[in-house]
Each structure stands twice: as structure tokens, then as C-alpha cells.
Amino acid sequence: KAGVTQTPRYLIKTRGQQVTLSCSPISGHRSVSWYQQTPGQGLQFLFEYFSETQRNKGNFPGRFSGRQFSNSRSEMNVSTLELGDSALYLCASSPTTGGAEAFFGQGTRLTVV
Amino acid sequence: EDQVTQSPEALRLQEGESSSLNCSYTVSGLRGLFWYRQDPGKGPEFLFTLYSAGEEKEKERLKATLTKKESFLHITAPKPEDSATYLCAVQEHAGNNRKLIWGLGTSLAVNP
């Protein structure tokens, strides 16, 4: 059974640019959650999508957005990048909404210069 | 404010030296407490879910316990392959909002 796949693994962007990250969940899982992980703040919840609908949202500015497609694949977009957006972005999939027993991908390491 | 605090921040053990990691939390109503393991360069890997005080779960050398205010992850006779960062997260009863609140983790190093 294939795990959660995140692409790309590494990304370097310039301040002011925008970026799109992709996540393919485990087959059959309909919930995809996104997290930002930094050494100082730890894992912080961005949002959760279930069956193409955003079900939960964390406390991030509107520059952070996402969507989910009918095949459960999800994308996360960050516009007008700031230096502080440099982080590991993790995606987690679960068969049910709010499922905390989730399976994580390896993450996308975003560096903003 | 809902909060999850893990201690110690870092722990170094000799192989076979048992110890415990702590996760204390303040939430209005606990729906579940979760332990994850994270290896460098990888996403967290789910270990345990605990739902009510007094509950215990075991997996190989790991045992997780839960009280009303904290959880412990006991590591018995650890091996070098147990080296990782151990993360604790809580989910509270708050209507339809099921987001997790995460601790910063305990970085465990087990020396052979």
C-alpha cells in the first residue's frame, strides 16, 4: 500500500513569490491535513480537507490556502512568500475527518530567501 | 489557552537505561491524546492514542499512560533504533473543530 506522497521534497523561493505544494494521500483516505513545522513553533495546523471541503482551519493568514480534488489529492498554496514561511510543510492523510491517527508524508522543505 | 508541554526537551540514554517522557496539557475537554515518533527528515509516525485517565497502551519497548493532566511515554531497555523525536498531541472536544494541538517534542538519543 503506497504511503502519503508529497512533492516536491525541497523548494527554494524568493520573497514575494508564490508556491504550490502537492499531497497525494493513501488510497481510500478522504481527509488531508496540512501542517507547518518549525524548530521554534513545532507542528502547527494549517487546515484540513475532507471530500473536497475545508473542515477545519488553523490560525494562519489568508496567504495560506488549499484545495482538494475529487481524487482526494490536495494542494496547498502560499502567496507573497515571507522569510518566516521557511519551514517543513507536512501533509497527513486519514480515512475520516478529524482523524488524529493519521499517516504523514515526508514533507516539503521550503526555504524562502 | 490550550497548551501542550513536553519535557525534557532532549534526553540522552545509554542502551538499556529505562526512562520516561512527559506530556502535560491544558484543554477544556480532552477528546484524545496522541503520541507520534519522528525520525530526521521524515514525517511523524503514529504510535498511540489514549482517550481517558487510567488508560495504558503498549508497543514493544514503549508504554504510554494517561492521567487527567498529563501523559507519560515509558521507554524500557531502549535500543539505539529508538532514537527519534517523540511528539505528543491533544485533540479537544470543541464542536466540529477537531484540530490537534502539538507539543514541541522530546529529542531522544540512545547510545550503544
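A brief report on the enclosed structure follows. In this convention, every chain numbers its residues from 1, walking through the sequence in written order. Chains and ligands are labelled sequentially in the order written, the chains with letters from A and the ligands with numbers from 1. With the structure being a predicted model, the display of local features is reserved for residues of pLDDT at least 70 and the display and counting of side-chain atom pairs for 80 or more, all residues being used for whole-chain, interface and lining totals. Computation of side-chain values: all heavy atoms of the structure, hydrogens and water removed.

Quick word on the pattern of salt bridges
Salt bridges are counted wherever a side-chain nitrogen of Lys or Arg sits within 4 Å of a carboxyl oxygen of Asp or Glu. Applying the stated criterion across every chain, the model contains 8 salt bridges over all chains. B:Asp82 is the salt-bridge partner of B:Arg61, the closest N and O atoms lying 2.8 Å from each other. Remark: B:Asp82 occurs in the loop between strand 8 (70-75) and strand 9 (84-92) and B:Arg61 occurs in the loop between strand 6 (56-59) and strand 7 (62-66); sequence separation between them is 21 residues. Each member of the pair, B:Arg61 as well as B:Asp82, carries the same accessibility label: buried. Several salt bridges share partner residues, and in doing so they unite A:Arg63, A:Glu82 and A:Asp85 into one network. Segments assigned H or I by DSSP are reported as helices when at least four residues long, segments assigned E as strands when at least two residues long, and all are numbered from the N terminus. The cut-offs for exposure are 20% and 50% of the maximum accessible area for each residue type, with area from a 1.4 Å probe on protein chains only; residues under the lower value are buried, those over the upper are exposed, and the others partly exposed.

With respect to the sheet that holds strand 7 of chain B
All names here are of chain B. With antiparallel pairing, 5 strands are arranged side by side in an open sheet as 1-3-8-7-6. The open sheet terminates on both sides in strands that have one partner only, identified here as strand 1 (3-7) and strand 6. Between one strand axis and the next, the sheet turns through 15 degrees on average, direction left out of account. By this definition, two strands are paired if DSSP reports at least two bridges between them. Inspection of the sheet shows strand 3 (residues 19-26) paired to strand 8 by 6 bridges, in the antiparallel sense. Only the contacting stretch of a helix is used when fitting its axis, a line to C-alpha atoms as for every element, and angles between N-to-C directions run 0 to 180 degrees.

Some points on the interface of chain A and chain B
At the interface, 20 residues of chain A touch 20 residues of chain B. Accessible area that two parts lose when put together, evaluated with a 1.4 Å probe and summed over both, is termed the buried area. Buried surface at the junction of chain A and chain B, summed over both partners, amounts to about 1500 Å²; 52% is from carbon and sulfur atoms. When residues of chain A are sorted by the area they lose upon contact with chain B, A:Leu43, A:Ala100 and A:Glu101 head the list and together hold 32% of the total. Connecting chain A to chain B are 0 salt bridges. Polar contacts here mean pairs of N or O atoms no more than 3.5 Å apart (in protein, one a potential hydrogen donor and the other a potential acceptor; neighbouring residues in sequence count only if both atoms are side-chain atoms). For the interface between chain A and chain B, the tally reads 4 residue pairs in polar contact (both at pLDDT 80 or more). Mapped by element, the contributors of at least two residues to the side of chain A that touches chain B are strand 4 (31-38), strand 5 (42-50) and strand 9 (87-94) of chain A. Of all the elements, strand 5 of chain A adds the most residues to the side of chain A that touches chain B, at 3 residues. Residues are grouped as follows: Ala, Val, Leu, Ile, Met, Phe, Trp, Tyr, Cys and Pro are nonpolar; Asp, Glu, Lys and Arg are charged; all remaining types, including Gly, are polar. Its residues assigned to classes, the side of chain A that touches chain B comprises 8 nonpolar, 10 polar and 2 charged. Here, residues are in contact when the closest pair of their heavy atoms is within 4.5 Å.

Distances and angles like these do not, on their own, reveal function.
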